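# Breakdown of the fold
Each chain, written out:
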Amino acid sequence: MSRRLLAVPAAAVLAWSLTACGGAAPEAPTSPSPSASASATQEAVVESTGFELTTETMDELTAAMLAAQTYDTSMVTEVGGASMTAQGQARVTEAGSELTMTTSSPDMPTPVEIRLVGGQMYVNMGELTGGLFWQIDAADTSNPIAAAMAQSTAQSSAADSLAALVPALVSVEKSGAEEQLDGVTTQPYDVVVDTSKLAGQAAEQFASAAESGVEIPAQITYRYWIGTDQLPRKLTLDMLGSHIEMSFSNWGGPVTIEAPPADQVTAAPTM
């Protein structure tokens, strides 16, 4: 089961990449302020008709997400009888994505809270971090803590832009009847990806899993439910005995994404 777990985060990263497709994490502002980090976006999402997701209309999906800017998300990952859940909120911009996420599992002594704000990652692992948030440069790929967080959550997928993933797309086809999700009519699509053509974080994690003896499939099929407003509402993936399900809701709604107070932050240990 442990080898399979190595490959599952990479799949989750790719899944999030198709949703949080802004590119690299936003650079830290020269004069950060809480008001700049917290958002209460309440833009109305205007529904359109006649949209069909194809390899050629991915740009339209990107534009719709950038226009909506914010969303809530949840994820359930099940592998070999073990499970992990995550809930969070995200903000999508041209510069990248910011988010807050809490992950938990019956095997974890305490939930893990992660915030990605202004190019900095803040990680609170309860007693392991002294009840404080470790502050880590999200762009420092040489930091093993940042690398570990990237593998255990989907947040670092902001580093993989949608443009970098398009060359890996094999096909996008409708799959099944329309469904009502989050108050919107959605159409399920099967999105097939060639794992040998992946780029960025997803490619690195699949390569690492392969080096550990995991047999990576040549292709992976994700099922996305896309709304008439050109926004994703749900994703499922079955691979290597694992099942991943993600939901995306409240597009354009208010979110609270901000760095922890200074007295709750400490420098991460050097490793």
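This text goes with the structure placed above it.
Throughout, residues of each chain are indexed from 1 in the direction in which the sequence is written. Only residues with pLDDT of 70 or above have their local features reported here, since the model is predicted, and side-chain atom pairs are shown and tallied only from 80 upward, although totals for entire chains, interfaces and linings are computed over all residues. No hydrogens and no water enter the side-chain calculation; it runs on all heavy atoms of the structure.

### Some remarks on the packing of aromatic side chains
- Each Phe, Tyr or Trp ring (for Trp, its six-membered ring) is paired with any other whose centre lies within 6.5 Å, and the angle between the two planes then decides the class: stacked below 30 degrees, edge-to-face above 60, tilted in between. Enumeration over the complete set of coordinates arrives at 3 aromatic pairs.
- Residues tyrosine 71 and tryptophan 251 carry aromatic rings whose centres are separated by 4.4 Å and whose planes lie at 35 degrees to one another, so their mutual orientation is tilted. Of this pair, tyrosine 71 sits in strand S1 (residues 70-79) while tryptophan 251 sits in the loop between strand S12 (242-249) and strand S13 (265-267), and the two are 180 residues apart along the sequence.
- The exposure class of tyrosine 71 is buried, given its relative accessible area of 0%.
- Think of it in three bands: with a 1.4 Å probe and only protein chains considered, a residue is buried below 20% of the maximum accessible area for its type, exposed above 50%, and partly exposed in between. You can call tryptophan 251 buried: its relative accessible area is 6%. We count a stretch as a helix when DSSP gives it H or I for four or more residues in a row; a strand needs E for two or more, and each element gets its number in order from the N terminus.

### Topic: helix H3 (residues 58-68)
- By the burial criterion, the buried members of H3 are Met58, Leu61, Thr62, Ala64, Met65 and Ala68. Each buried residue of H3 sits inside an arc of 165 degrees when the element is viewed along its axis, so together they form one side.
- Glutamine 69 sits one or two positions beyond H3 and adopts a positive phi of about 75 degrees. This arc corresponds to the set of directions leading from the helix axis out to the C-beta atoms.

### Remarks on unusual backbone geometry
- A positive phi angle, near 70 degrees, is found at glutamine 230, a position not held by glycine.
- Examined against the element boundaries, glutamine 230 turns out to sit in the loop between strand S10 (219-227) and strand S11 (232-239).
- Positive phi, normally seen in glycine, also occurs at asparagine 250, with a value near 55 degrees.
- As for its placement among the helices and strands, asparagine 250 is situated in the loop between S12 and S13.
- Overall, asparagine 250 belongs to the partly exposed group, its relative accessible area being 31%.

### Quick word on the pattern of salt bridges
- In the sections that follow, a salt bridge refers to a side-chain nitrogen of Lys or Arg positioned within 4 Å of a carboxyl oxygen of Asp or Glu. On inspection of all chains with the given rule, the structure shows 5 salt bridges.
- The closest approach of N and O atoms between arginine 223 and aspartate 190, which form a salt bridge, is 2.8 Å. Taken together, the positions of arginine 223 in strand S10 and aspartate 190 in strand S9 (residues 184-194) put the pair 33 residues apart, joining distant regions of the chain.
- For arginine 223, a relative accessible area of 30% gives the class partly exposed.

### Considering the pairing of S9
- Burial runs high along S9: 10 of the 11 residues are buried.
- DSSP bridges decide pairing: two strands pair if at least two such bridges lie between them. Bridge count for strand S7 (residues 169-174) against S9 is 5 bridges, and the pairing is antiparallel. Within S9, the residue paired with leucine 169 across the bridge is valine 193.
- In this sheet, S9 lies alongside strand S8 (residues 179-181) in antiparallel orientation, the contact comprising 3 bridges. Residue pairing for S9: leucine 181 is matched across the bridge by valine 184.
- What sits between S8 and S9 in their antiparallel hairpin is a turn of 2 residues, with aspartate 182 showing a positive phi close to 55 degrees.

In short, the description is geometric, and any link to function would need to be established separately.
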